[in-house]
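For reference, the chains in residue letters:
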Amino acid sequence: MKICLVTKGSLSKFWERDVKRTAGAKITAFGFNGLGVVSYESELEGETEFFQDIARFSKASGSVTVSGLDTDTYGYFRRSAVIADGGRILGVSDAVFMSGDSEYSGGAEFTVYDTSAGRLGVLVSSDLYSPKAAETLVLSGAEIIMAIIKKPTGDMPETVSRTMSFLYGIPIVAVSDGYAFVTAPNGKKTFSCTENSAVDVKTEKYYEEVFYKRRGFALKTH
């Protein structure tokens, strides 16, 4: 599956100057650079059209489009990602795990989206660091995880992503402002970039048979 990773520029500027990179892409993903801060009140009042823009972009590019944004719900801010496909907004996912001293509020749930590119799980910001988050998406049928994260300042995001990909047998594509990378079910980082780029990601499901010993009573079936 071809995925276009947009690490620089807003959605509107990319659409205007560099949209040719999405040719043949099933998914186009932006970091938090994509939409910036979006006020639900302004969207409802028609003062801004950020959600309309990403919906239109998904239709014009022919790709599922994911973008990071900071949502403002009447003064309550959240780290979020919006998902659009075929000219429609499929939903907005909010970061669930936030530190107690964060200026952002936490969301309530994880969502797997049925899209034209397959079943897409979304992690936002610090959700990448929670094993339960990735496990929940995989158990809910995700075929690939898109992680919209803050710009890394070290190798921790890649280390965690490689671990999650290996533990749960799923590719993870992480996008931030200025950097993106892909980790595979074998636990390796298979791609990284600092510029707007396209990458082919294998999404076949990976399974491995596991056996273990248990102390105590064993139920025999014969």
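Residues numbered from 1 in each chain as written. Predicted model: local features only at pLDDT ≥ 70, side-chain atom pairs only at ≥ 80, totals over all residues. Heavy atoms only, no water.

Student: An account of unusual backbone geometry is needed here, citing residue identities and associated values.
Tutor: The phi dihedral of Y74 is positive, around 50 degrees, even though this residue is not glycine. Tracing the backbone shows Y74 in the loop between β4 (64–73) and β5 (76–85). What makes Y74 exposed here is its relative accessible area of 54%. Here S125, not a glycine, exhibits a phi torsion of approximately 55 degrees, which is positive. Along the chain, S125 falls in the loop between β8 (118–124) and α4 (131–139). (Helix = DSSP H or I, 4+ residues; strand = E, 2+ residues; numbered from the N terminus. Buried < 20%, exposed > 50% of the residue type's maximum accessible area, 1.4 Å probe, protein only.)

Student: Could you give an account of the sheet that holds strand β11 (residues 179–183), naming the residues involved and the relevant values?
Tutor: On the basis of which strands lie adjacent, the open sheet formed by 6 strands has the order β7-β8-β9-β10-β11-β12 and mixed pairing. At either end of the open sheet lies a strand with only one pairing partner, and these are β7 (112–115) and β12 (189–193). The sheet shows a mean angle of 20 degrees between the axes of neighbouring strands, direction not considered. Both β8 and strand β9 (residues 144–148) contribute to a ladder of 5 bridges, which runs parallel. Paired with L120 across the bridge in β9 is I144. Packing of α4 onto the sheet brings it into contact with β7, β8 and β9, and relative to β8 it is tilted by some 165 degrees. Lying over the sheet, helix α5 (residues 156–168) contacts β10 (172–176), β11 and β12, oriented at roughly 25 degrees with respect to β11. (Pairing = 2+ DSSP bridges. Axes fitted to C-alpha atoms, helices over the stretch in contact; angles between N-to-C directions. Contact = heavy atoms within 4.5 Å.)

Student: Which residues make up helix α3 (residues 50–61), and what are the values?
Tutor: With 12 residues, α3 ought to run about 16 Å at 1.5 Å a step, and its terminal C-alpha atoms sit 16 Å apart, in line with that. Listed in full, the buried residues belonging to α3 are F51, I54, A55, F57, S58 and S61. On an axial view of α3, the arc spanned by its buried residues comes to 160 degrees, and they lie on one face. Across α3 from its buried face, at more than 90 degrees, point the exposed residues K59 and A60. One or two residues past the end of α3 sits G62, with phi positive at roughly 70 degrees. (Expected span 1.5 Å × (residues − 1). Arc of directions from axis to C-beta.)

Student: I'd like to hear about the packing of aromatic side chains, residue by residue, with values.
Tutor: The relation between two aromatic rings is expressed through the spacing of the ring centres and the mutual angle of the planes. A full pass over the atoms with the stated rule returns 7 aromatic pairs. With centroids separated by 5.6 Å and ring planes inclined at 90 degrees, the aromatic side chains of F14 and F30 adopt a geometry described as edge-to-face. Here F14 is found in helix α1 (residues 11–17), whereas its partner F30 is found in strand β2 (residues 27–30), with 16 residues between them in sequence. Like F14, the residue F30 is buried in the burial classification. Grouped by ring-pair contacts, the aromatic residues F14, W15, F30 and F57 constitute a single cluster. Across from the ring centre of F32, 4.5 Å away, lies the NZ or CZ of R79, which sits over that ring. (Phe/Tyr/Trp six-rings, centres within 6.5 Å; stacked < 30°, edge-to-face > 60°. Lys NZ or Arg CZ within 6 Å of the ring centre and 35° of its normal.)

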